[in-house]
Amino acid sequence: MSPGVASDPYPAFRALREGFPLVRDELLGAWVVSRYADVCGALVQEGLVAVPPGRTLTHMEGHTHRAHRALVEPALRGRAVAALAAGASRTAHVLARRIAAREEADLFTEFCQWLPTAAVMAALGLPHEDTARVQVWCRGGLTHLGGHHHELDACLRPHLDRRRAHPGTDLLSVLCGAEIDGRPLSDEAVCGLVGSLLGGGGEATALAFASFLANLLDDPQQLAVVRERRALIPAAWAESLRRDPPAPVVLRRAVRRVTVAGAPLPAGAVVACLVGAANRDPARFARPDRYDIHRSDPGRLAFGTGRHACPGAELAARTAEYGLRALLDALPGLRWAPGFRPAPRGLLTRGPRTLLVRPR
Ligand code: HEM
């Protein structure tokens with residue numbers, strides 16, 4: 001919990017993985033697991049659920065969870081995502097061209113934060129003008145776990161009324177018109193789902209994209225390879241998510257006696273699954289600290305695993321791909337501003353929140 005760990009948790013992650021694969025952290029009030037196999041094992045356990053309070057998908061289980069997930073999943077994959085990605089691509093090019101005219105720019109505030117929020121707002125059919133407001137909430141704690149729900153609910157209420165009266169084809173209309181077990185979703189349920197989508201898009205993708213750019217800008221040779229061979233972008237993105245996941249810690253609570261990392265834990269125990277440590281476990285990944293765009297199997301653990309694994313992975317990947325393409329097209333000389341070093345921070349959500357660059 002010390003500030004040093006929040007600025008660089010990886011030495012502590014290594015110490016845990018090597019010497020204390022299951023350890024009780026009194027300050028956190030949780031059992032901590034850090035090895036790849038143990039983290040995966042914990043995330044798929046039925047007896048481990050999200051830590052309350054909350055009203056998002058993450059906090060649902062069983063039939064309720066499956067039924068609500070089935071409502072949002074179709075809008076976040078396949079052709080639906082391709083259509084959204086085309087919108088994200090247009091936004092990315094507009095943002096990138098604006099930056100191209102500048103001497104120096106902060107890619108985090110001027111690009112990484114805008115693009116993912118705009119993509120999810122477009123999926124939901126919410127007005128573009130509200131993007132800035134949603135971003136402020138994302139910076140203040142709106143994640144896929146919810147947050148800021150009073151402001152969010154007040155902002156959404158008029159849109160819900162309108163969609164219920166005149167449904168369109170956007171995801172918000174789908175949610176407003178949906179029924180589960182013969183009953184329409186309440187406003188509360190729709191707002192909960194929308195919150196997790198906006199939070200997932202705005203916070204996690206923005207930080208992941210910032211780490212992606214930092215990894216590439218830190219290694220001009222690999223950046224040059226990606227610039228020449230754009231087909232490598234998805235692999236370069238997946239590898240950045242492995243090395244620097246934006247949600248390095250996923251919390252769970254035992255609803256009954258469970259076995260974690262080979263040891264029994266009682267009902268009520270809280271378990272901190274260190275995705276960030278698991279993603280650098282040398283038992284799973286060779287030379288795990290290195291960012292290597294040619295790594296053959298970076299895995300997908302940054303998105304969790306099991307029944308709660310992130311449904312937004314495909315949208316995030318497309319957003320990142322189109323975002324990077326737009327930047328590479330518009331900014332031929334993209335590099336760090338003189339003297340600048342990215343400083344990722346945070347444990348529950350993590351990434352650099354400033355990226356000063358020279359665009360030309
Ligand atoms: C790089 C970007 C992203 C990363 C790394 C990420 C990561 C995660 C993780 C670690 C979880 C938790 C899994 C668990 O509790 O076991 C999660 C859940 C979730 N994410 Fe994402 N996410 C990203 C982008 C998105 C986007 C773009 C959306 C929406 C459009 C989204 C929506 C959600 C939702 C709704 C859940 C809850 C799923 C459930 O409980 O069934 N995420 N995400």
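Where an unreviewed UniProt entry is consulted, the protein chain appears under the name Cytochrome P450, with the organism given as Streptomyces venezuelae.

Visitor: When you look at the coordination of the iron atom of the ligand in this model, what are you seeing that I'm missing?
Guide: Just one protein atom donates to the iron atom of the ligand; it is Cys310 (SG), sitting 2.3 Å from the metal. Here Cys310 shows up in the loop between helix 14 (275-278) and helix 15 (313-330).

Visitor: What am I meant to see in the environment of Ala80 here?
Guide: Tracing the chain through its elements places Ala80 in helix 5 (residues 78-100). Sequence separation of Ala80 and Leu197 is 117 residues, and the distance between their C-alpha atoms is 15 Å. Among all residues touching Ala80, those that are not within four sequence positions of it are Pro74 and Ala75.

Visitor: It is not clear to me how the packing of helix 13 (residues 233-243) against helix 15 should be interpreted in this structure. Could you clarify?
Guide: The axes of two packed helices give the description: the angle between them and the distance between them. One way to put it is that helix 13 packs onto helix 15 with a least axis distance of 10 Å and a crossing angle of 115°. Classified by chirality, the crossing of helix 15 by helix 13 is right-handed. In contact with Ile233, Pro234 and Trp237 of helix 13, helix 15 contributes Ala316, Ala317, Ala320, Glu321, Leu324 and Arg325. Here the contact of helix 13 with helix 15 is composed, by residue class, of seven nonpolar, no polar and two charged.

Visitor: I keep staring at the nonpolar core and nothing clicks. Help me out?
Guide: One recurring pattern in soluble globular proteins is that nonpolar side chains are buried together. Ranked by internal contacts, the top residues of the largest apolar core, which has 48 residues, are Leu107, Phe111, Phe209, Phe212 and Leu355. Of all the elements in the fold, those that place two or more residues in this core are helix 5, helix 6 (107-112), helix 7 (114-124), helix 11 (187-217), helix 12 (220-228), helix 13 and helix 15. Broken down by element, this core gets its largest block of residues, ten residues, from helix 11. With residues up to four places along the chain from it excluded, the contact list for Phe209 reads Phe111, Cys112, Trp237, Ala320, Gly323, Leu324 and Leu327. If you look at the next biggest cluster of nonpolar residues, it comprises 37 residues, including Leu126, Leu172, Leu193 and Leu198.

Procedures and definitions
Residues numbered from 1 in each chain as written. Predicted model: local features only at pLDDT ≥ 70, side-chain atom pairs only at ≥ 80, totals over all residues. Heavy atoms only, no water. Donors = N, O, S within 2.8 Å, 3.2 Å for Na, K, Ca; no water. Helix = DSSP H or I, 4+ residues; strand = E, 2+ residues; numbered from the N terminus. Contact = heavy atoms within 4.5 Å. Axes fitted to C-alpha atoms, helices over the stretch in contact; angles between N-to-C directions. Left-handed = near helix turned anticlockwise from the far one by under 90°. Nonpolar A, V, L, I, M, F, W, Y, C, P; charged D, E, K, R; others polar. Core = buried A, V, L, I, M, F, W, Y, C linked by side-chain atoms within 4.5 Å. Buried < 20%, exposed > 50% of the residue type's maximum accessible area, 1.4 Å probe, protein only.

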